[in-house]
Amino acid sequence: MARPSLTFVIIAGLATLIGAVWFFGYRRTPACSGDGRYMATVQQCRAYGLDAGLCASAVEKARALVARVAPQSETSFDCEVRFSECFAGAEGRFTPAPSFCLAPGSAEPSEVRYLEYESDRLNRKKTREIRVD
C-alpha cells in the first residue's frame, strides 16, 4: 500500500485552508457591500445625497414587497411587540418596516429585510433578520 507523498498532503492542506478562508470570508461579507448603501427611510436615503423622488420610490417599493410577504397585525402595538419597527399599510394593517440596499444609479431596492424579535432560553429578546428578496 503506497503512502501519500508529503507534497500531496501539503498541497491538499493548503487547498483546504484557502477554501475555508474564502468560504467564511465570502459568507460574512456585510450586507450591501461595494458602493451600495443600506437604509430604511427616506431621510437616511437623502442623507447619502440621493434625490428625494428616487428615495421615496425605493422606500415604497421595499415596503410593498414586505407588505406582500411579511405577517401583518391589526394594531400598531401588536406589530411592534413582534417586530422592531412597523408601518401602516394602505389597507390599515401594520407590517414590519423594511431596510434595504440601494446601489448607486438604481431605484430598485435589493437585500430587503426586516427584524423580528425572538426570545432565547432565558426569555431575553433578541432580533432575527428575515430577508425577503
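Placed above this text is the structure.
Scoring rules and cut-offs
Residues numbered from 1 in each chain as written. Predicted model: local features only at pLDDT ≥ 70, side-chain atom pairs only at ≥ 80, totals over all residues. Heavy atoms only, no water. Helix = DSSP H or I, 4+ residues; strand = E, 2+ residues; numbered from the N terminus. Buried < 20%, exposed > 50% of the residue type's maximum accessible area, 1.4 Å probe, protein only. Contact = heavy atoms within 4.5 Å. Areas by Shrake-Rupley, 256 points an atom, 1.4 Å probe, with all protein chains shown as cover. Expected span 1.5 Å × (residues − 1). Arc of directions from axis to C-beta. Polar contact = N/O pair within 3.5 Å; in protein donor to acceptor, adjacent residues only side chain to side chain. Pairing = 2+ DSSP bridges. Axes fitted to C-alpha atoms, helices over the stretch in contact; angles between N-to-C directions. Core = buried A, V, L, I, M, F, W, Y, C linked by side-chain atoms within 4.5 Å.

Caption draft 1: The overall build of the protein, seen in detail. Tallying secondary structure elements over the protein gives 4 helices and 6 strands in all. Along the protein, helices (α) and strands (β) appear in the sequence α-β-α-α-α-β-β-β-β-β when read from the amino end. By residue count, 25% of the 133 residues in the protein fall in the buried class. Contacts spanning at least 24 positions in sequence make up 43% of the contacts within the protein whose residues lie at least 6 apart. With the model as given, the accessible surface of the protein reaches about 9,200 Å², and the carbon-plus-sulfur share is 56%.

Caption draft 2: Helix α3 (residues 52-69), seen in detail. With 18 residues, α3 ought to run about 26 Å at 1.5 Å a step, and its terminal C-alpha atoms sit 26 Å apart, in line with that. Of all the positions in α3, only Cys55, Ala58, Val59, Ala62, Leu65 and Val66 are classed as buried. When α3 is viewed along its axis, its buried side chains cluster within an angular range of 125° and face the same direction. Its buried side turned inward, α3 meets α2 (42-47), β3 (94-96), β4 (99-102) and β5 (110-119). Capping the start of α3 is the job of one residue whose side-chain oxygen sits 3.1 Å from the backbone nitrogen of glycine 53: aspartate 51.

Caption draft 3: The sheet that holds strand β1 (residues 37-39), seen in detail. Pairing is antiparallel in the open sheet, where 4 strands are placed in the order β1-β4-β5-β6. Looking along the sheet, the strands with just one partner apiece sit at the ends: β1 and β6 (125-131). Averaged over all adjacent pairs, the angle separating strand axes in this sheet is 25°, with direction ignored. Sheet analysis places β4 next to β5, joined by 2 bridges and oriented antiparallel. From the neighbouring strand, serine 99 faces β5, where its bridge partner is arginine 113. Against the sheet, α3 engages β4 and β5, with an angle of about 130° to β4.

Caption draft 4: Structural view of the nonpolar core. Counting 18 residues, the largest nonpolar core has Phe100, Leu102, Val112 and Tyr114 as its most contacted members. Of all the elements in the fold, those that place two or more residues in this core are α3, β4 and β5. Ranked by the residues each element gives to this core, the list is headed by α3, at 6 residues. Residue contacts for leucine 102: discarding those within four places in its chain leaves Cys32, Gly36, Arg37, Met39, Cys45, Leu50, Leu54, Ala58, Ala107, Glu108 and Pro109.

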